[in-house]
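Coordinates in review
Listed below are the residues making up each chain.
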Protein chains: 2
Amino acid sequence: MSNRVTLKDIAREAGVHVSTVSRALDPNSNISLTNEVSSRVRKAAKKLGYRPNRLAAGLRTNRSMSIGVMIPDIANTMFPPIVRGIESVLEPLGYATIVVNTDNDPDREHRLTEVLRERGVDGIINVAAMRSDPGLSNVVDQGTPVVTLNRRLDQSPIPYVVSDEKSGINLILKHLFELGHRSVGHIAGPKEFSTGNARAMAYKEACEQLGLAESSTVISYAKSFDETEGQRCVLELLQNCPTITAIVCANDRLAFGAYLGLQAEGLSIPEDVSVTGFNDMPMLDLVRPKMTTIRVQKFEAGRASAELLLKSIRGDNHGAVGTVLPVELKVRDSTSEPRETPD
Amino acid sequence: MSNRVTLKDIAREAGVHVSTVSRALDPNSNISLTNEVSSRVRKAAKKLGYRPNRLAAGLRTNRSMSIGVMIPDIANTMFPPIVRGIESVLEPLGYATIVVNTDNDPDREHRLTEVLRERGVDGIINVAAMRSDPGLSNVVDQGTPVVTLNRRLDQSPIPYVVSDEKSGINLILKHLFELGHRSVGHIAGPKEFSTGNARAMAYKEACEQLGLAESSTVISYAKSFDETEGQRCVLELLQNCPTITAIVCANDRLAFGAYLGLQAEGLSIPEDVSVTGFNDMPMLDLVRPKMTTIRVQKFEAGRASAELLLKSIRGDNHGAVGTVLPVELKVRDSTSEPRETPD
DNA sequence: GTAAGCTACGCAATCGTTTGCATGATAGAG
DNA sequence: CTCTATCATGCAAACGATTGCGTAGCTTAC
């Protein structure tokens, strides 16, 4: 069936031993070969159209040259840029990336981890963003390097890449404060997600620093990071605290849900209520009013996590390393001065 | 380092030969084993936490249990649902999918094909959507089954999955016709893409059937399927034929570009000009006015292509097979009666 | 002129599974 | 009670690459 060309075929063609072929074709072999032989072998390889069999090589070397990427859902536009960032580093080095979707299901995540390990991945980038993750350290202990993205395990030597959530929330609140808002609310993400949790903490802290003591308590917790929950939470906020003039949402999708809820109530954005997002998802420029949000680096986060993983794989990560990526405030049309300036 | 559990370990633990272990663990082994031995082996495997090494198995069986998926760009929201559809079939069967992005670059596509073959993928689903593809048949000839999605190679036994482009365009034009539009234009996709080409052909045909002889020639060809080109083309159309009251776009992104171009000209949608898209991309519900478009089945297309590929891999595809998926007209807010009803 | 040291390559084991074949044990037939 | 089928399991050779070690031939030094 598959008349695949192997080292043996090249060896026959070039009249040398298969081990010689292997060495001639290995760019960083430290074994010296005659130029004549080396070029003869390479010529034969090219002539026969040789393609190495990575499975066989991987079996012998115990390095499959593939890495696993675990994300919640590739259909969420947050993640493809991250994946491309990862690939931009790994693909040129000959790594294949196997992307799996966890759907935020811990069981599924666990099972998929096993699937990846069966395939002998050289490392795993976990973008699954749950805060507690028993078993992740196990994977590391069993010899598979791991890097987490958007997540940071406490007291763990696992390298991570995160965005500067705290600065992001600070930028947002300062922006609203400067516009004159004094009564603000927060739609927080689920606490199980480190992003949701970190942003809620940062929100409370920022409120207190700005002297918005009351606002720091006006929080509605979403059960998931989606539009439905955003819509539900915004109504909850309005009911609990009708005076608010601005809503800080833990991510863009919740903010879009807030849009829908406010519109349903006949309130206009930003005239009646200012709304902010977080992440600056791709395609976000399609929504109206254009959303004021925090831009986090997605492609770059992917790149950084891949670099960290490579270090772990090569063993030259000197202790735990973390990368915190800076964020940027993107002021657009969903925020303005409050209708009634206070006093 | 990696104290990985192998068949040998289980064999020692259970006091049997490794080949016996292999057979005990193979669910569809036709070799009979004593229940006692079989369960002893399985118990030992569970106890030691055995995970098979797919690389080794793949090397021996020449089936890697992985398949390659080639798409233009995972960051284009059209593609993630397709990928998920593919995985919904393949993942439960134990296949890993390796997704690669071609960026519509033929060189890159070719290189990535080799990368996939090096890894011994059992088959390839190509969603790259270029019309001419020398080399694709080569891959098939060399023993790797291929299925194309959104593309259909002429005179080729390669199975394919496509949407019913022609019906889609017919539905759109009929809808516009019934609203009263008699002067229509088309922003066509690049001819190199089968989708762009098929839709343009269908457009001309549908115009003629409806007696819109002139409209069948009012076509502007985009160089790529993006907003910039949509914007450029809409202006071109307006210049060439200022009387048009509706524009049929070859896909949603071109239509969105048309939105931008029309808005820049101070024209409103749909009052001044009706605009239609194609595909019904995810996130499209965010744009205003909500776009009238053709919904194509994305997840389902992925599923279908995976099923076809499995058939090819198992060798029970009786000749070339193709699947044409039905489409659906989604009437929303970007189409209405023309401002001046004719006569 | 011989010992020592390289150089350039071959030999063979190995990675973990699968699988055709061999074989010992058991059972059934006559 | 023997002969042959059948069954359950072991044996060993693959799959294709990598790599430590061995060695023939050559160079260099004394």
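Everything numeric in this text was worked out from a predicted model, so none of it was measured. The numbering scheme is per chain: residues are counted from 1 as the chain's sequence reads. Chains carry letters and ligands carry numbers; both start at the beginning, A for chains and 1 for ligands, and go up in the order they are written. The predicted nature of this model means local features are confined to residues of pLDDT at least 70 and side-chain atom pairs, given and counted, to a pLDDT of 80 or more, with totals for whole chains, interfaces and linings taken over all residues. Hydrogens and water molecules were not included; the side-chain quantities draw on all heavy atoms of the structure.

**Some details on the overall build of chain A**
Helix and strand counts for chain A come out as 12 helices and 12 strands. Reported as C-alpha extents along the three principal axes, the dimensions of chain A are approximately 90 × 40 × 35 Å. Residues classed as buried in chain A amount to 53% of the 343 residues present. Of all intrachain contacts in chain A linking residues separated by at least 6 positions in sequence, the fraction that spans at least 24 positions is 70%. The Shrake-Rupley method, run with a 1.4 Å probe sphere, supplies the accessible areas, and residue values consider only the shown protein chains as cover. Carbon and sulfur atoms form 49% of the exposed surface of chain A, whose accessible area is close to 15500 Å². A residue counts as positive if it is Lys or Arg and as negative if it is Asp or Glu; His and the chain ends are not included. The atom standing in for a charge is NZ when the residue is Lys, CZ when it is Arg, CG when it is Asp and CD when it is Glu. Taking the average location of the 40 positive side-chain charges in chain A and that of its 42 negative ones, the two points are 12 Å from each other. Comment: elements are numbered from the N terminus, with helices defined as DSSP H or I runs of at least four residues and strands as E runs of at least two. Any residue under 20% of the maximum accessible area for its type is buried, any over 50% is exposed, and the rest in between are partly exposed; the area is computed with a 1.4 Å probe on protein chains only. Any two residues having at least one pair of non-hydrogen atoms within 4.5 Å are treated as being in contact.

**Some details on the relation of the copies chain B and chain A**
Here the second copy of the chain follows from the first by a rotation about an axis and a shift along it. Superposing the copies works by least squares over the C-alpha atoms of residues that have pLDDT at least 70 in both of them. Mapping chain B onto chain A leaves a residual RMSD of 0.1 Å; the transformation is a rotation of 180° accompanied by 0.1 Å of translation along its axis. A rotation of that kind, with that shift, is consistent with a two-fold axis. Mapped onto chain A, 100% of the interface residues of chain B are again interface residues, and the two copies thus contact each other with one and the same surface.

**Some points on the protein's contact with DNA strand C**
Note on terminology: near, applied to a residue and a molecule or strand, indicates that one of the residue's heavy atoms is within 4 Å of it. Around DNA strand C, the surrounding shell holds 25 residues, and the nearest of these are T20, T34 and V37 of chain A together with L7 and R60 of chain B. The sugar and phosphate moieties of DNA strand C supply 65% of its atoms located within 4 Å of the protein. Polar contact is the term for a pair of N or O atoms within 3.5 Å; when the atoms are in protein, one must be able to donate a hydrogen and the other to accept it, and sequence-neighboring residues count only if both atoms are side-chain atoms. Between L7 of chain B and DNA strand C, the recorded distance is 2.6 Å, taken from a backbone N or O atom to a phosphate oxygen. Grouping the constituent residues of the surface near DNA strand C by class yields 10 nonpolar, 10 polar and five charged. Three residue categories are used. Nonpolar comprises Ala, Val, Leu, Ile, Met, Phe, Trp, Tyr, Cys and Pro, charged comprises Asp, Glu, Lys and Arg, and polar comprises the others, including Gly.

**Details of the interface of chain B and chain A**
Across the contact, 47 residues belong to chain B and 47 residues belong to chain A. A buried area of about 4000 Å², summed over both sides, lies between chain B and chain A, and 55% of it is on carbon and sulfur atoms. Salt bridges are defined as contacts in which a side-chain nitrogen from Lys or Arg sits within 4 Å of a carboxyl oxygen from Asp or Glu. For the pair chain B and chain A, the number of links is 14 salt bridges. Linking E91 of chain B and R108 of chain A is a salt bridge whose minimum nitrogen-to-oxygen distance equals 3.5 Å. The buried area of a pairing is the accessible area, by a 1.4 Å probe, that goes missing from both parts when the two are put together, added over both.

**A short note on helix α2 (residues 18–25) of chain B**
Listed as buried for α2 of chain B are T20, V21 and A24 of chain B. The arc that holds every buried residue of α2 of chain B, seen down its axis, measures 100°, which confines them to one face. Directions pointing from the helix axis toward each C-beta atom define the arc.

**Considerations on the sheet that holds strand β6 (residues 184–188) of chain A**
Either a parallel or an antiparallel arrangement is found when strands of a sheet pair, and the pairing is made through backbone hydrogen bonds. Residues and elements named next belong to chain A. Taking strand neighbours across the sheet as the criterion, the four strands line up as β7-β6-β8-β9 in an open arrangement whose pairing is parallel. The sheet is open, and its two borders are formed by β7 (219–221) and β9 (274–276), each paired with just one other strand. Averaged over all pairs of adjacent strands, the angle between their axes in this sheet comes to 15°, without regard to strand direction. Paired strands, in this sense, are two strands between which DSSP finds at least two bridges. The pairing of β6 with strand β8 (residues 246–249) spans four bridges and is parallel. By the bridge assignment for β8, G185 is matched with I247. Packing against the sheet, helix α9 (residues 194–209) makes contact with β6, β7 and β8, and its axis sits at approximately 165° to β6. A fitted line through C-alpha atoms represents every axis, and for helices the fit uses only the stretch in contact; the resulting angles, taken between N-to-C directions, go from 0 to 180 degrees.

**Considerations on the protein's contact with DNA strand D**
In the neighbourhood of DNA strand D, 26 residues make up the surrounding shell, with L7 and R60 of chain A together with T20, S32 and V37 of chain B lying closest. A share of 61% is what sugar and phosphate atoms reach among the atoms of DNA strand D within 4 Å of the protein. H17 of chain B places a polar main-chain atom, nitrogen or oxygen, 2.9 Å from a phosphate oxygen of DNA strand D. Here T34 of chain B contributes a side-chain N or O atom positioned 2.7 Å from a phosphate oxygen of DNA strand D. Tallying contributions element by element places helix α4 (residues 54–61) of chain A first for the surface near DNA strand D, with five residues. Per-class residue counts for the surface near DNA strand D are 12 nonpolar, 10 polar and four charged.

**Observations concerning the domain arrangement of chain A**
Each domain's extent was defined by an automatic or database domain assignment. You can read the domains of chain A as domain 1 (7–52), domain 2 (62–163 + 298–326) and domain 3 (165–296). Centre-to-centre separation of domain 1 of chain A and domain 2 of chain A, based on C-alpha positions: 36 Å.

**Focus on the sheet that holds strand β8 (residues 246–249) of chain B**
Residue and element names in this part refer to chain B. If you trace the four strands from one edge of the open sheet to the other, you get β7-β6-β8-β9, paired in parallel fashion. Of all the strands in the sheet, the pair left with one neighbour each is β7 (219–221) and β9 (274–276). Ignoring which end each strand starts from, the neighbouring axes of this sheet average 15° apart. Pairing analysis gives three bridges linking β8 to β9, with the strands arranged parallel.

**Focus: the packing of aromatic side chains**
The way to describe two aromatic rings as a pair is by their centre distance and the angle between their planes. Residue and element names in this part refer to chain A. Aromatic rings from Phe, Tyr and Trp, taking only the six-membered ring of Trp, are treated as a pair when their centres fall within 6.5 Å; an angle between ring planes under 30 degrees marks them as stacked, one over 60 as edge-to-face, and anything in between as tilted. Under the defined criterion, the tally for this structure stands at four aromatic pairs over all chains. A centroid spacing of 5.9 Å and a plane angle of 45° characterise the contact between F256 and Y259, whose relative ring orientation is tilted. Of this pair, F256 and Y259 both sit in helix α11 (residues 252–264), three residues apart, which is roughly one turn of the helix. In terms of burial, F256 and Y259 fall into one category: buried.

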